[in-house]
Amino acid sequence: MAKPRVKTILKFIGGINKDRIGGNCSVLEHTDETGKTERVMFDLGSMFTPYESGFTAAYPNVDEYFDRTDLKTGKIYKALKPVNTLFITHAHEDHIGALINYTKMGYTLPPIKAGAFTRNFIRLAFAAEGMIAPEMEKIKAGDIIRVGDNIEVEAVDVSHSIVDSLGFYTLTYNKGKPYAAIMNNGDFLTEEEMPVGKAFNKARYLDTLKRKKVPTTVLCLDSTSTTPQSSERIGFDKAVENTYNAVMTHADRNLIISPVISRSVQNIAIDVETARRLGTKIFLDGKWLQTVKNAMALSGYENFDDVIYKGTIQGYLNDKRLTKKYIVCTGAFAQGLENYEYNVGIDDTSPIPMSSATKMALDLHPYVKIDKNVLILARQRIIEEINGRTGPKMLQLFASQGAAVVMTPGNRPVGGFEEVRMQDSGHANANAVKALMIDVKKAVPDVIVIPIHGNPEQCRNTEEIMSEIGVKTYVAGNQEGLEISHGKVINVEPKVTPMTWYAVKSVMPNPFAEREIPLEGMKEYWEVTEDYHPLQKICEVQNTTKSKERGKYNNHEKKISQAEEMPYREQMRKTSLKTKNKKIKTAYDLRKKMDKRNR
Ligand SMILES: [Zn+2]
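This structure is a prediction, so every number in the text was calculated from the model and none was measured.

**Things to note about the overall build of the protein chain**
Thought 1: Secondary structure assignment for the protein chain yields 16 helices and 27 strands.
Thought 2: Within the span of the protein chain, comprising 599 residues, buried residues form 48% of the whole.
Thought 3: Pairs at least 24 residues apart make up 72% of the contacts formed inside the protein chain by residues separated by at least 6 positions.

Structure (structure tokens):
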């Protein structure tokens with residue numbers, strides 16, 4: 001028998017998509033001279049699907065890598081290529097969004113390693129779904145984690161719009177000697193201090209890259225913002241100043257509403273600082289904002305107690321001491337808007353999950369009414385690959401009800417609204433990437449760059465920038481396996497079969513039939529092609545959230561302690577079809593009661 005060949009292969013499972021952001025996931029596999037293979041996975045995110053697809057999110061297919069229990073028969077399907085450890089760079093949906101849904105589908109997640117905030121956020125997110133979180137270990141920059149015999153992963157600090165973002169520097173070994181090095185930056189920025197959390201430390205980053213002599217160093221580089229049009233950063237102080245000025249320009253409007261991406265902590269920090277200057281307090285409206293706040297507190301970050309209002313939204317809106325009210329709410333991307341309009345019509349018992357900004361825009365928010373007193377700070381740039389037409393539409397709905405809208409300019413103008421730069425992207429721009437890579441090339445002259453986290457055009461932009469400074473690049477695609485050896489990247493597993501994803505569909509009620517869908521919803525999981533053509537239904541799962549907890553944001557302490565005490569790897573409770581009808585009825589009755597009370 002031929003001697004096994006030593007090899008390190010990097011495979012992209014998702015994240016380099018033809019037209020949409022998300023689904024970030026890669027696997028690094030190393031085979032030693034005895035033929036033993038070890039694997040680590042980086043991130044497991046969801047992809048934001050277009051509305052027309054009918055699916056609410058899609059996930060990279062991990063069938064090869066995780067064991068799965070068939071929810072109907074209980075049969076266990078063993079993974080062909082089991083992953084030893086899953087490392088998570090940060091808690092954005094496009095990097096962790098598949099975890100909960102894969103658990104619901106019956107997959108067994110490998111042990112996870114993540115930064116403090118990321119780990120706490122995941123635990124709270126599982127708890128909010130009434131689910132047991134997977135096994136997770138907290139790591140921090142500088143930690144070196146040995147996986148099996150021949151893989152070593154070092155966590156490095158990177159800056160991003162969320163705290164505790166990590167990059168991972170992985171070394172594979174052959175007979176005790178470094179064989180290949182792969183730096184996965186995650187999503188990153190290279191400049192400026194972060195208002196919250198740790199910043200990118202270039203000196204330490206370069207030191208990590210050159211500490212060991214390795215035949216090949218590959219750097220996976222976030223390309224989201226490496227477009228020639230991407231502007232220079234204005235920085236935190238200027239962003240606060242511009243936001244404050246926008247509020248003062250509309251001094252007659254006393255209800256300020258700032259829809260954010262709930263996990264863009266650095267952007268929430270801009271609101272917090274602006275509110276401080278205005279001498280007022282912020283109300284956080286939306287489940288995920290509360291989860292972020294709790295995860296921040298659990299992770300040892302400043303909890304903004306002086307600025308965040310404690311109490312109910314009714315109490316806040318009626319508080320006479322606060323002349324300016326400042327609501328930071330979920331929904332920069334208007335989640336739920338199109339589903340609502342197309343599937344339900346105007347009906348306030350809609351089971352469709354929607355962000356609080358969407359509820360306000362549709363006049364469905366139980367407490368906030370949009371009128372001439374309202375100023376909307378649309379600080380999050382509108383990103384078409386994520387929200388399609390819904391972002392602009394939400395702003396127009398606000399304006400039609402009398403609100404003044406000030407927005408951060410995006411790639412194209414929207415509806416003639418006033419534009420003020422109030423926010424920066426969380427990703428390094430072309431100039432910043434170039435400046436960093438000049439120094440990286442000095443540290444490791446043979447470095448090879450693989451552009452990631454962008455569409456093919458953005459990846460080619462990175463390639464162009466690299467060619468200007470003489471850095472080799474390899475533009476990969478999903479499903480390609482790249483062998484990294486002796487100064488080269490060789491495509492050993494070219495994409496041959498059509499790529500498939502798992503996509504989730506929230507089952508919507510038929511507007512012409514008696515309502516038969518439970519409030520908490522039913523989810524169908526499908527295998528789909530890259531164009532979202534359904535191939536087969538994998539399973540259907542009823543949401544495990546308990547109805548009575550819906551809408552209650554004031555039992556955080558209980559949730560936190562529950563999350564802390566959760567046993568690991570307990571089997572998720574399965575729901576059989578028999579109990580479905582009873583549950584539907586209970587949920588519907590409960591909702592009717594809640595509605596009566598709210599009226
Ligand atoms: Zn991110």
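**Quick word on helix H12 (residues 390-400)**
Thought 1: For H12, the full list of buried residues reads Thr390, Gly391, Pro392, Met394, Leu395 and Phe398.
Thought 2: Looking one or two places after H12, you find glycine 402, whose phi comes out positive at around 105 degrees.

**Quick notes on helix H14 (residues 456-468)**
Thought 1: With 13 residues, H14 extends 19 Å between its outermost C-alpha atoms, agreeing within 8% with the 18 Å of an ideal straight helix rising 1.5 Å per residue.
Thought 2: Of all the positions in H14, only Gln458, Cys459, Asn461, Thr462, Glu463, Ile465 and Met466 are classed as buried.
Thought 3: Buried residues along H14 sit in contact with strand S14 (217-222), helix H13 (430-443), strand S21 (448-452) and strand S22 (472-473).

**Looking at the confidence of the model for the protein chain**
Thought 1: Across the protein chain, the average pLDDT comes to 84, with 85% of residues at or above 70.
Thought 2: The low-confidence segment residues 345-350, where pLDDT is below 50, has 6 contacts with residues more than four positions distant or belonging to other chains.
Thought 3: This stretch, residues 545-588, has a pLDDT under 50; its non-local contacts, to residues over four places away or in other chains, come to 48 contacts.

**A look at the pairing of strand S26 (residues 522-529)**
Thought 1: Strand direction decides the pairing type here: strand S25 (residues 500-506) and S26, joined by 7 bridges, are antiparallel. For serine 506, the partnering residue across the bridge sits in S26 and is lysine 523.
Thought 2: Where S26 lies against strand S27 (residues 534-542), 7 bridges are found, and the strand directions are antiparallel. Residue pairing across strands places lysine 523 opposite valine 541, the latter belonging to S27.

**Side note on the packing of H13 against H14**
The relative placement of two packed helices is expressed as an angle between their axes plus a distance between the axes.
Thought 1: Axis separation between H13 and H14 bottoms out at 10 Å; the angle between their running directions is 45 degrees. By the angle between their axes, H13 is oblique relative to H14. The chirality of how H13 crosses H14 is right-handed. Every residue of H14 that contacts H13 at Ala430, Val433, Lys434 and Met437 is listed here: Asn461, Thr462, Ile465 and Met466.

**Looking at the sheet that holds strand S2 (residues 25-31)**
Thought 1: Strand order across the open sheet formed by 8 strands is S9-S8-S7-S3-S2-S1-S23-S24, with mixed pairing between neighbours. Either end of the sheet is taken by a strand with one partner, and the two such strands are strand S9 (136-138) and strand S24 (488-493). For this sheet, the mean inter-axis angle between neighbouring strands, taken without regard to orientation, is 25 degrees.
Thought 2: Its contacts with the sheet place helix H3 (residues 116-128) against strand S8 (112-114) and S9, and it is angled at close to 150 degrees to S9.

**Notes on unusual backbone geometry**
Thought 1: Not every positive phi belongs to a glycine, and glutamine 479 is a case in point at roughly 80 degrees.
Thought 2: With respect to the helices, strands and loops of the structure, glutamine 479 is situated in the loop between S22 and strand S23 (481-485).
Thought 3: A positive phi is found at tyrosine 532, a non-glycine position, where the angle reads about 65 degrees.
Thought 4: With respect to the helices, strands and loops of the structure, tyrosine 532 is situated in the loop between S26 and S27.

**Focus: the sheet that holds strand S10 (residues 144-147)**
Thought 1: Ordered in space as S10-S11-S12-S13-S14-S21-S22, the 7 strands form an open sheet in which the pairing is mixed. Each edge of the open sheet carries a strand with a single partner, namely S10 and S22.
Thought 2: The pairing of strand S13 (residues 177-184) with S14 spans 4 bridges and is classified as parallel. Looking across to S14, one finds that methionine 183 is bridged to leucine 219.

**Some remarks on the nonpolar core**
Thought 1: With 156 residues, the main nonpolar core has Ile122, Val218 and Ile376 as its most contacted residues.
Thought 2: Top element by residues in this core is H3. It accounts for 7 residues.
Thought 3: Residues from two domains meet in this core; each of domain 1 (7-229 + 426-493) and domain 2 (236-419) gives at least three.
Thought 4: The residues contacting valine 218, other than those within four sequence positions of it, are Leu10, Ala181, Ile182, Ile448, Ile450, Ile484 and Val489.

**A short note on the environment of threonine 224**
Thought 1: Note on placement: threonine 224 falls in the loop between S14 and helix H5 (236-249).
Thought 2: Ignoring sequence-local partners within four residues, the contact set of threonine 224 consists of Asp187, His427, His453, Gly454 and Gln458.

**Topic: the packing of H3 against helix H7 (residues 287-298)**
Thought 1: At their nearest, the axes of H3 and H7 sit 9 Å apart, and the two run at 135 degrees to each other. Comparing the axis directions of H3 and H7 gives the class oblique. Relative to H7, the crossing made by H3 is right-handed. Of the residues in H7, those touching H3 at Phe117, Asn120, Phe121, Leu124, Ala125 and Ala128 are Lys287, Thr291, Val292, Asn294, Ala295, Met296 and Leu298.

**Here's the deal with the pairing of S24**
Consecutive residues of a regular strand have side chains that alternate between opposite faces of the sheet.
Thought 1: Here S23 pairs with S24 via 5 bridges, running antiparallel. Within the sheet, the bridge partner assigned to leucine 482 lies in S24 and is asparagine 491.
Thought 2: In textbook terms, the turn of a hairpin is the stretch between consecutive antiparallel strands, and for S23 and S24 this stretch comprises 2 residues, one of which, histidine 486, has a positive phi near 45 degrees.

The rules we used
- Residues numbered from 1 in each chain as written.
- Predicted model: local features only at pLDDT ≥ 70, side-chain atom pairs only at ≥ 80, totals over all residues.
- Helix = DSSP H or I, 4+ residues; strand = E, 2+ residues; numbered from the N terminus.
- Buried ≥ 20, exposed ≤ 12 C-beta atoms within 10 Å, placed from the backbone.
- Contact = placed C-beta atoms within 7 Å.
- Expected span 1.5 Å × (residues − 1).
- pLDDT = per-residue confidence, 0-100.
- Pairing = 2+ DSSP bridges.
- Axes fitted to C-alpha atoms, helices over the stretch in contact; angles between N-to-C directions.
- Parallel < 35°, antiparallel > 145°, perpendicular 65-115°, else oblique.
- Left-handed = near helix turned anticlockwise from the far one by under 90°.
- Core = buried A, V, L, I, M, F, W, Y, C linked by C-beta atoms within 7 Å.
- Domains from an automatic or database assignment.

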